[in-house]
Amino acid sequence: MREELSGILDHIDVIQAMDLDGVPPTTHVIAVENVFREDVPRPSLTSDEALREATDVIDLSFGIPRMD
Amino acid sequence: MSLRDLTATQAIAELSAGRVSSLELVDAHLDAIGSDSVDAFLAVDAERARERARQIDDSGERLPLAGVPLAVKDALSVRDVVTTSGSRMLEGFRPLYTATCVARLEAAGAIVVGKTNMDEFAMGSSTENSAYKNTRNPWDQSRVPGGSSGGSAASVSARQVPWSLGSDTGGSIRQPAALCGVVGMKPTYGAISRYGLIAFASSLDQVGPFARTVGDAALLLKHMVGRDPMDSTSLEWPEPIAIPSAQSMAGLRVGVVEELMGEGIEPGVRAAVEAALARVEDLGGTVVPVSLPSALSGLATYYVLAPAECSANLARFDGIRYGPSADADNLLDQYELTRGEFFGPEVKRRIMLGTFALASGYYDQYYGRAQRVRTLIVREFASAFENVDVLASPTSPTVAFPFGDRTADPYAMYLADVCTIPVSLAGLPAISIPCGLSGGLPVGLQLAGPAFSENRLLTVAHALEGALAFDTLPPEMAT
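Source: prediction; values computed, not measured.

Let us look at the interface of chain B and chain A. Facing the 57 residues of chain B at the interface are 40 residues of chain A. Surface buried jointly by chain B and chain A totals about 4,200 Å² across both partners, of which 65% is contributed by carbon and sulfur atoms. The largest per-residue losses of area from chain B upon contact with chain A belong to Leu96, Arg369 and Arg372 of chain B, which jointly make up 15% of the total buried on that side. Its salt-bridge partner being Arg94 of chain B, residue Glu53 of chain A comes within 3.5 Å of it at the nearest N-O pair. Along the contact surface separating chain B from chain A lie 20 residue pairs in polar contact (both at pLDDT 80 or more).

Residue and element names in this part refer to chain B. In contact at an axis separation of 9 Å, helix α9 (residues 298-313) and helix α12 (residues 364-384) are set at 130 degrees when each is read in the N-to-C sense. One element, α9, and the other, α12, form an angle in the oblique class. You can see that α9 and α12 cross each other, and the crossing is left-handed. Of the residues in α12, those touching α9 at Gly298, Thr301, Val304, Leu305 and Ala308 are Tyr366, Tyr367, Ala370, Gln371, Val373, Arg374 and Ile377. In terms of residue class, the contact of α9 with α12 is made up of eight nonpolar, three polar and one charged.

Turning our eyes to something else, we now look at unusual backbone geometry. Residue and element names in this part refer to chain B. Of note, the bond from Gly147 into Ser148 is cis; its omega dihedral lies within 30 degrees of zero at 10 degrees. Secondary-structure assignment places Ser148 in the loop between β3 (111-116) and α5 (150-157). Phi is positive for Asp39, which is not a glycine, with a value near 55 degrees. Relative to the helices and strands, Asp39 is located in the loop between α2 (22-34) and β1 (41-44). Relative accessible area serves as the criterion here: at 25%, Asp39 is assigned to the partly exposed category. You will see that Asp80, though not glycine, has its phi angle at about 70 degrees, which is positive. Looking at the element boundaries, Asp80 is found in the loop between β2 (69-73) and α4 (100-107). In this structure Asp80 comes out as partly exposed when scored by relative accessible area, which is 38%.

Residue and element names in this part refer to chain B. Formed by 138 residues in total, the largest nonpolar core has its most connected members in Phe121, Trp163 and Leu165. With nine residues, α9 is the single largest residue contributor to this core. By size, the runner-up hydrophobic cluster in this structure holds 23 residues, among which are Val26, Val38, Ala154 and Val156.

Reading guide: rules and limits
- Residues numbered from 1 in each chain as written.
- Chains lettered and ligands numbered in written order.
- Predicted model: local features only at pLDDT ≥ 70, side-chain atom pairs only at ≥ 80, totals over all residues.
- Heavy atoms only, no water.
- Contact = heavy atoms within 4.5 Å.
- Buried area = accessible area lost by both parts, 1.4 Å probe.
- Salt bridge = Lys/Arg side-chain N within 4 Å of Asp/Glu carboxyl O.
- Polar contact = N/O pair within 3.5 Å; in protein donor to acceptor, adjacent residues only side chain to side chain.
- Axes fitted to C-alpha atoms, helices over the stretch in contact; angles between N-to-C directions.
- Helix = DSSP H or I, 4+ residues; strand = E, 2+ residues; numbered from the N terminus.
- Parallel < 35°, antiparallel > 145°, perpendicular 65-115°, else oblique.
- Left-handed = near helix turned anticlockwise from the far one by under 90°.
- Nonpolar A, V, L, I, M, F, W, Y, C, P; charged D, E, K, R; others polar.
- Buried < 20%, exposed > 50% of the residue type's maximum accessible area, 1.4 Å probe, protein only.
- Core = buried A, V, L, I, M, F, W, Y, C linked by side-chain atoms within 4.5 Å.

None of the figures reported here should be taken as evidence of function without further support.
Listed below in structure tokens is the structure:
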């Protein structure tokens, strides 16, 4: 894995040699305005649904092992 | 002619005329899937599909997509249908909601028959990174179908469904479409809601159609585009997607990307693309050379940006809220063991590459520079489109390659997307159509246009499709 990653980084390094003076970064390719929606209540998942795929459920919550 | 040979448009006409029922159509395709010779599917929900077909037949509803079977890439959630994104990390996972694009097609009458195989979390170009199985290319079963949406491409080519959905981050619709000899389209970034698409790289991911004709691809696209409140990047669509009918390319200027026709492109691929470009002139269009000097830097740029984004997106897989989990007696061990056990090698490689590219001390050198190269690529496309209407190139530098050919060298696999990635980085729409054969294997022609130029692209692709008259039936299936 170490050799593979080094090999990939060698290829990626072509961008180090490019002249990027004065070129701004792209943050979004399609110009869009900020999007807001109306803050109105709508139906959502029930607790049982939200927990359906969980590995462990404790008292209507996701169960996890201890943290230490 | 069997029901499997009908295009979706033909099937809709047969259904509308009452010459065939939706159940007959679904059963014919389920039979084809049942004797699946290419292993395109990860899950088939025959009962759900037949039940929906019966409902449509009984109600007499005249829905626009009227009971036509559809296959869906396993990266797209369908409520209660196992959805894995090709990963052990989601083995057995049943989503609680359906992706907006799938829900829109179902509302229009399409019937989901199953989920198709893919590279794990859409990372790959051969579908060999699926945690479950290999999908074979219907044109040569010793070769890959391309990827990551390899199952969706192979299922359409093998006539198990008339059309299907894929997702495309750096070429994952267009490249397998090219390798399997079908039509595949990645629309403008934001054209189709990604709500319910399992995320890979969010500044690039788009959903799109596979079909055997440009007209069918247009029809599927027409029913998916537009704003969805559940995806803040989805766009109001400026004009309806039109079903193309043009036979001429009079007045259209096609730019050939010089950087994508040179070294690294197989001679047989270049010859097929050049032959297709000669047809552009027969149809009244003009072909001119165009230079995108930074196009070949796209691959390196992509392999900074996409892993960086995936390293953030895949942080959610922790084995707690869904998916399998490793046994551990404290939380940190559970995270580490779960991710170590259930992610495959390519996913781990990209997460590590991405976290490295975002690390303090390396951020400017990698992620920062890549975002700036992306700007150069965006500008070069914009400048090219001042002089031409569409850009043409091969979709893939090679035809379908044998299994195992590139799995030992990750970068050799990455090169499969060298022609599709620049378009993705610029967020532009592009379509791949089959344009000929090289050594008996399909070659794809990629046509790209400015943002929102889907109707123009479909028109050009349709006119060329007519002139090329490519036979999408793989020879093995003609017997």
